[in-house]
2 protein chains.
Amino acid sequence: MHVRLLCGIENSRFAKGPGKKLFLGVIGVKEGSFEIGIIGGAGGMGSWCSDILRGQGYRVHAAGRNSGMAVEEMARRCSVVIVSVPIEATLSVIDRVGPLLSGDSLLMDLTSVKEAPVRAMLSSTGAEVMGCHPLFGPRPDSVDDLSIVLCPARVDRWASWPSGIFAAAGIKIIETTPEEHDRVMAVVQGLNHLDTILLALTLGHCGIERSDLERFATPLFRSRLAALDRVMAGNHRMYAEIICSNPRVASLIEEFEKILGELRGYIEKGDGAGFAARTATARPAKVIPPVED
Amino acid sequence: MHVRLLCGIENSRFAKGPGKKLFLGVIGVKEGSFEIGIIGGAGGMGSWCSDILRGQGYRVHAAGRNSGMAVEEMARRCSVVIVSVPIEATLSVIDRVGPLLSGDSLLMDLTSVKEAPVRAMLSSTGAEVMGCHPLFGPRPDSVDDLSIVLCPARVDRWASWPSGIFAAAGIKIIETTPEEHDRVMAVVQGLNHLDTILLALTLGHCGIERSDLERFATPLFRSRLAALDRVMAGNHRMYAEIICSNPRVASLIEEFEKILGELRGYIEKGDGAGFAARTATARPAKVIPPVED
């Protein structure tokens with residue numbers, strides 16, 4: 001597996017101001033001396049990214065579908081253009097802006113999948129290309145334990161600038177390939193969100209009132225219900241695209257259904273001993289105190 | 001739905017010492033003047049229950065499979081006998097102890113299912129019968145928000161004693177029928193634990209190292225992983241019995257599989273819009289800020 005951490009950047013000596021200066025030094029520009037454009041800059045992740053950059057002294061322009069700076073002007077003025085639009089619109093936005101960028105600029109995206117957007121960026125532009133995926137939502141509770149994935153696809157003078165920006169904001173950098181990102185995220189986001197939505201929809205058909213589910217809730221069920229609520233109150237289209245646009249999710253579902261069929265077999269026979277033996281075949285989990293509720 | 005809260009007991013005036021005295025008054029006994037036996041008293045819930053009772057001044061005896069007080073002596077000495085053994089052993093233990101109890105004593109169980117044990121208690125003994133299910137594990141993090149289900153199946157002089165004991169320990173009382181309990185718990189425990197075990201087993205087959213799942217984890221996946229770990233580090237046989245001994249779980253799986261098939265259809269076609277529209281058919285969840293990770 002080709003994944004490596006930029007350890008130097010994670011080092012706190014580099015993650016503060018001097019680190020940022022170092023990175024700016026590498027690309028030979030002074031803080032604030034170039035402009036940055038965010039397409040979709042008014043959206044959740046777009047405005048999060050904009051806040052980070054403005055906080056570090058950059059001049060940031062936003063382009064919306066029908067507002068903000070025109071994409072043509074943005075491509076002319078900005079040395080860095082960041083695409084932060086819904087997954088389903090990403091490829092067409094990349095196709096539109098890519099050809100307008102000069103070869104010494106940087107094109108980035110913030111999408112939750114990486115293979116298709118990075119491929120589209122590489123083919124649509126002569127600019128440098130860095131895929132990017134913040135592993136958190138636009139309003140994280142705290143900066144602790146936040147990570148961001150960077151996929152440096154074609155970089156030279158801009159190679160270290162994005163990691164410098166995010167590391168200076170206290171965020172852990174994971175550098176990997178688009179393929180490796182999508183392979184792991186098919187589980188971490190694809191299968192996990194699918195499972196959450198599946199359970200939420202099943203609860204909607206189980207014939208038990210929400211108030212009774214809450215009243216009889218165990219601690220484990222209570223925290224599950226909170227996660228279900230968060231996903232079901234969120235952007236359905238975004239979750240759907242995370243699941244449907246990652247081709248590896250389908251084979252995970254196949255495995256999921258196969259194991260479900262096995263477990264159903266034990267349940268239909270009332271074979272608790274068999275079910276328990278099958279459960280025990282999982283690789284050992286972390287050693288933690290069980291709650292057994 | 002026949003469920004009612006014993007509001008008077010939840011009232012803090014009654015949940016403290018005076019409340020307990022009141023309940024003891026009802027059954028015409030003085031605190032500590034009768035003995036209590038717990039079969040399986042050395043186990044997790046058995047020792048939790050024993051601690052509660054001893055803390056309230058009772059003399060408690062424990063019977064294990066090969067240790068502690070003999071069940072025959074326990075039945076002779078104790079006015080209250082509580083069965084706290086694994087689900088799969090519950091019915092045979094009830095059949096053994098039930099006939100030994102006098103008609104003025106109380107037989108209780110602490111099992112996670114209620115229909116079969118309560119039926120077995122009613123038919124095996126002439127004593128009073130109260131089914132009971134603490135909706136938490138033996139080592140709860142705090143007493144806040146803990147609930148216990150009571151199913152008064154045949155009670156007269158002992159009707160209020162169990163709720164007085166638990167309310168005095170700060171635990172919320174839910175009084176309901178065994179049927180209603182098992183109907184709701186088929187979802188809250190059965191389906192929820194099944195789904196957790198299913199996801200854990202699928203993760204074990206997904207070909208991605210645990211360390212990579214952790215490194216790429218979003219906040220939602222991180223909390224899901226913690227729940228998986230807790231269940232997989234717990235008592236597999238107990239979870240298996242909770243799932244396999246509740247006959248309503250099978251029909252929930254049918255619905256779960258049907259919805260999974262529908263969702264798979266959208267995924268295989270890459271139809272994010274259709275998937276999102278299906279997601280939106282769930283009954284509205286609580287209004288909470290989404291995290292969208």
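Scope of this entry: the structure provided in the associated data block. The structure displayed is predicted, hence computed values, not measured ones.

Once that is clear, we can look at the overall build of chain A. The secondary structure content of chain A amounts to 14 helices and eight strands. The burial tally for chain A puts 56% of its 293 residues in the buried class. Partitioning the contacts of chain A with sequence separation of at least 6, the portion at a separation of at least 24 is 67%. Accessible area of chain A: about 11,600 Å², with a carbon and sulfur share of 52%.

On to the nonpolar core, then. With 96 residues, the main nonpolar core has Ile 197 and Phe 275 of chain A together with Leu 194, Ile 197 and Phe 275 of chain B as its most contacted residues. Not counting chain neighbours up to four residues away, the residues in contact with Phe 275 of chain A comprise Leu 263, Tyr 266 and Ile 267 of chain A together with Leu 194, Ile 197, Ala 240, Ile 243 and Cys 244 of chain B.

It is worth spelling out the pairing of strand β6 (residues 128-134) of chain B at this point. The side chains of a regular strand alternate, residue by residue, between the two faces of the sheet. All names here are of chain B. Among the seven residues of β6, seven are classified as buried, and the element is accordingly described as predominantly covered. Burial along β6 is two-sided: Glu 128, Met 130, Cys 132 and Pro 134 facing one way and Val 129, Gly 131 and His 133 facing the other are all buried. Both strand β5 (residues 106-109) and β6 contribute to a ladder of four bridges, which runs parallel. Bridge assignment links Asp 109 to a residue of β6, and that residue is Gly 131. Note on the crossover from β5 through helix α7 (residues 115-124) to β6: the handedness is right-handed.

Now for the state of the cysteines. Two cysteines form a disulfide when their sulfur atoms are joined by a covalent bond. Residue and element names in this part refer to chain A. Taken as a whole, this structure holds zero disulfides over all chains when the rule is applied. With no disulfide of its own, Cys 132 has Cys 49 as its nearest cysteine by sulfur position, at a separation of 6.9 Å. Exposure remark for Cys 132: the relative accessible area of 0% places this residue in the buried category.

What follows is about helix α9 (residues 178-204) of chain B. The first and last C-alpha atoms of α9 of chain B sit 36 Å apart over 27 residues, in line with the 39 Å expected at 1.5 Å per residue. α9 of chain B sits mainly inside the fold: 24 of its 27 residues count as buried.

To continue, consider helix α8 (residues 161-168) of chain B. All names here are of chain B. Counting buried positions along α8 gives seven out of eight residues, so the element sits mostly inside the fold. Among the residues of α8, Trp 161, Pro 162, Ser 163, Gly 164, Ile 165, Phe 166 and Ala 167 are the ones counted as buried. Note on α8: the residue one or two positions beyond its end, Gly 170, has a positive phi of about 85 degrees.

Another aspect to go through is the interface of chain A and chain B. Listed as interface residues are 98 residues of chain A and, on the opposing side, 99 residues of chain B. Here chain A and chain B share an interface that buries about 9,300 Å² over both sides, 70% of which is from carbon and sulfur atoms. On the surface where chain A and chain B come into contact, there are six salt bridges. A salt bridge links Glu 257 of chain A to Arg 264 of chain B, with the shortest nitrogen-to-oxygen separation between them at 3.0 Å. The tally of links from chain A across to chain B stands at eight residue pairs in polar contact (both at pLDDT 80 or more). Looking at the side of chain A that touches chain B residue by residue, the classes come out as 56 nonpolar, 19 polar and 23 charged.

Right, let's get into the packing of helix α14 (residues 272-279) of chain A against α9 of chain B. In the contact formed by α14 of chain A and α9 of chain B, the axes pass within 10 Å of each other and the chain directions differ by 40 degrees. Between α14 of chain A and α9 of chain B, the angle is such that the two are oblique. Packed against α14 of chain A, whose contacting residues are Phe 275, Arg 278 and Thr 279 of chain A, the element α9 of chain B presents Leu 194, Ile 197 and Leu 201 of chain B at the interface. Looking at the contact of α14 of chain A with α9 of chain B residue by residue, the classes come out as four nonpolar, one polar and one charged.

Next up on the list: the packing of aromatic side chains. Taken as a whole, this structure holds 15 aromatic pairs over all chains when the rule is applied. Ring geometry for Phe 34 of chain A versus Tyr 58 of chain A: centroids 5.3 Å apart, planes at 45 degrees, classification tilted. Placement of the pair is Phe 34 of chain A in the loop between α3 (17-26) and β2 (35-39) and Tyr 58 of chain A in the loop between α4 (44-55) and β3 (59-63), with a sequence separation of 24 residues. Both residues of the pair, Phe 34 of chain A and Tyr 58 of chain A, count as buried. Each ring, one from Phe 34 of chain B and one from Trp 161 of chain B, has its centre 5.8 Å from the other, and the planes form 65 degrees; the classification is edge-to-face. Highlighted residues: Phe 34 of chain B in the loop between α3 (17-26) and β2 (35-39) and Trp 161 of chain B in helix α8, separated in sequence by 127 residues. Exposure remark for Trp 161 of chain B: the relative accessible area of 2% places this residue in the buried category. Taken together, the aromatic side chains of Phe 34, Tyr 58, Trp 158 and Trp 161 of chain A make up a single cluster linked through ring pairs.

Residues and elements named next belong to chain B. Overall, the coordinates contain 38 salt bridges over all chains when judged by the stated rule. Between Arg 237 and Glu 241 there is a salt bridge, with its nearest N and O atoms 3.1 Å apart. Of this pair, Arg 237 and Glu 241 both sit in helix α12 (residues 236-244), four residues apart, roughly one helical turn. In this structure Arg 237 comes out as partly exposed when scored by relative accessible area, which is 31%. We note a salt bridge from Arg 278 to Glu 262, for which the minimum N-O separation is 2.5 Å. With Arg 278 in helix α14 (residues 272-279) and Glu 262 in helix α13 (residues 249-268), this pair connects stretches of sequence that are 16 residues apart. Note on Glu 262: relative accessible area 30%, which makes it partly exposed.

Another aspect to go through is the environment of Gly 43 of chain B. All names here are of chain B. Residue position: Gly 43 is located in the loop between β2 and α4 (44-55). Its relative accessible area of 33% is what places Gly 43 among the partly exposed residues. Here the alpha-carbon distance between Gly 43 and Ala 62, two residues 19 residues apart in the chain, equals 9.7 Å.

On to the side chain of Asn 192 of chain A, then. Structurally, Asn 192 of chain A can be placed in helix α9 (residues 178-204). Looking at Asn 192 of chain A, the relative accessible area reads 2%, which means it is buried. Not counting residues up to four positions away in its chain, the partners in contact with Asn 192 of chain A are Val 187 of chain A together with Leu 199, Leu 220, Phe 221 and Arg 224 of chain B.

Turning next to the pairing of strand β8 (residues 172-176) of chain B. Residues and elements named next belong to chain B. Here β8 lies mainly inside the structure; four of its five residues are buried. As defined by bridge partners, strand β7 (residues 147-154) adjoins β8 across four bridges and the pair is classed as parallel. Note that in β8 the partner of Ser 147 across the bridge is Lys 172. The parallel pair β7 and β8, bridged by α8, forms a crossover whose chirality is right-handed.

This part covers the relation of the copies chain A and chain B. What relates the two chain copies is a rotation about an axis together with a slide along it. The two copies are related by a screw motion: chain A maps onto chain B through a turn of 180 degrees and a shift of 0.0 Å along the axis, at an RMSD of 0.0 Å. Expressed as an axis order, the relation between the two copies is that of a two-fold axis. When the interface residues of chain A are mapped onto chain B, 100% of them again fall at the interface, so both copies present the same face.

Rules of the game
Residue positions are given per chain, counting from 1 as you read along its sequence in written order. Think of it this way: whatever chain is written first is A, whatever ligand is written first is 1, and the rest follow in order. A pLDDT threshold of at least 70 governs which residues receive local features in this predicted model, and a stricter bar of 80 or more applies before side-chain atom pairs are shown or counted, although totals over entire chains, interfaces and linings include all residues. Values shown for side chains rest on all heavy atoms present in the structure; no hydrogens or waters enter the calculation. Helix and strand assignments come from DSSP, with helices taken as H or I runs of at least 4 residues and strands as E runs of at least 2, each series counted from the N terminus. Throughout, exposure labels follow a simple rule: accessible area from a 1.4 Å probe, protein chains only, divided by the maximum for the residue type, with under 20% read as buried, over 50% as exposed, and the rest as partly exposed. In this description, contact between two residues means that some pair of their heavy atoms is separated by no more than 4.5 Å. Where accessible areas are quoted, they stem from the Shrake-Rupley method and a 1.4 Å probe; at the residue level, only the protein chains shown are allowed to cover. To form a nonpolar core, buried Ala, Val, Leu, Ile, Met, Phe, Trp, Tyr and Cys residues must be joined to one another through side-chain atoms within 4.5 Å. Here a strand pair is declared whenever DSSP counts at least two bridges between the two strands. Crossovers are described as right-handed under a simple rule: with the strands pointing away from the observer, the path leading from the first strand over the helix to the second runs clockwise. Disulfide: a pair of cysteine sulfur atoms within 2.5 Å of each other. By this rule the span expected of a helix is its residue count minus one, scaled by 1.5 Å. Once two parts are brought into contact, the accessible area they lose, counted with a 1.4 Å probe and summed over both, makes up the buried area. The term salt bridge refers to a pairing of a side-chain nitrogen on Lys or Arg with a carboxyl oxygen on Asp or Glu at a separation within 4 Å. Any pair of N or O atoms that falls within 3.5 Å is considered a polar contact. Within protein, one atom must be able to donate a hydrogen and the other to accept it, and sequence-neighbouring residues count only if both atoms are side-chain atoms. The residue classification treats Ala, Val, Leu, Ile, Met, Phe, Trp, Tyr, Cys and Pro as nonpolar and Asp, Glu, Lys and Arg as charged. All others, Gly included, are polar. Convention adopted: a line fitted to C-alpha atoms gives each axis, helices being fitted over their contacting stretch, and angles between N-to-C directions are expressed from 0 to 180 degrees. Our angle categories are set so that under 35 degrees counts as roughly parallel, over 145 as roughly antiparallel, 65 to 115 as roughly perpendicular, and the remainder as oblique. Pairing of aromatic rings covers Phe, Tyr and the six-membered ring of Trp, with a centre-to-centre limit of 6.5 Å; geometry is then stacked below 30 degrees between planes, edge-to-face above 60, and tilted otherwise. We superpose the copies by least squares over the C-alpha atoms of residues that have a pLDDT of at least 70 in both of them.

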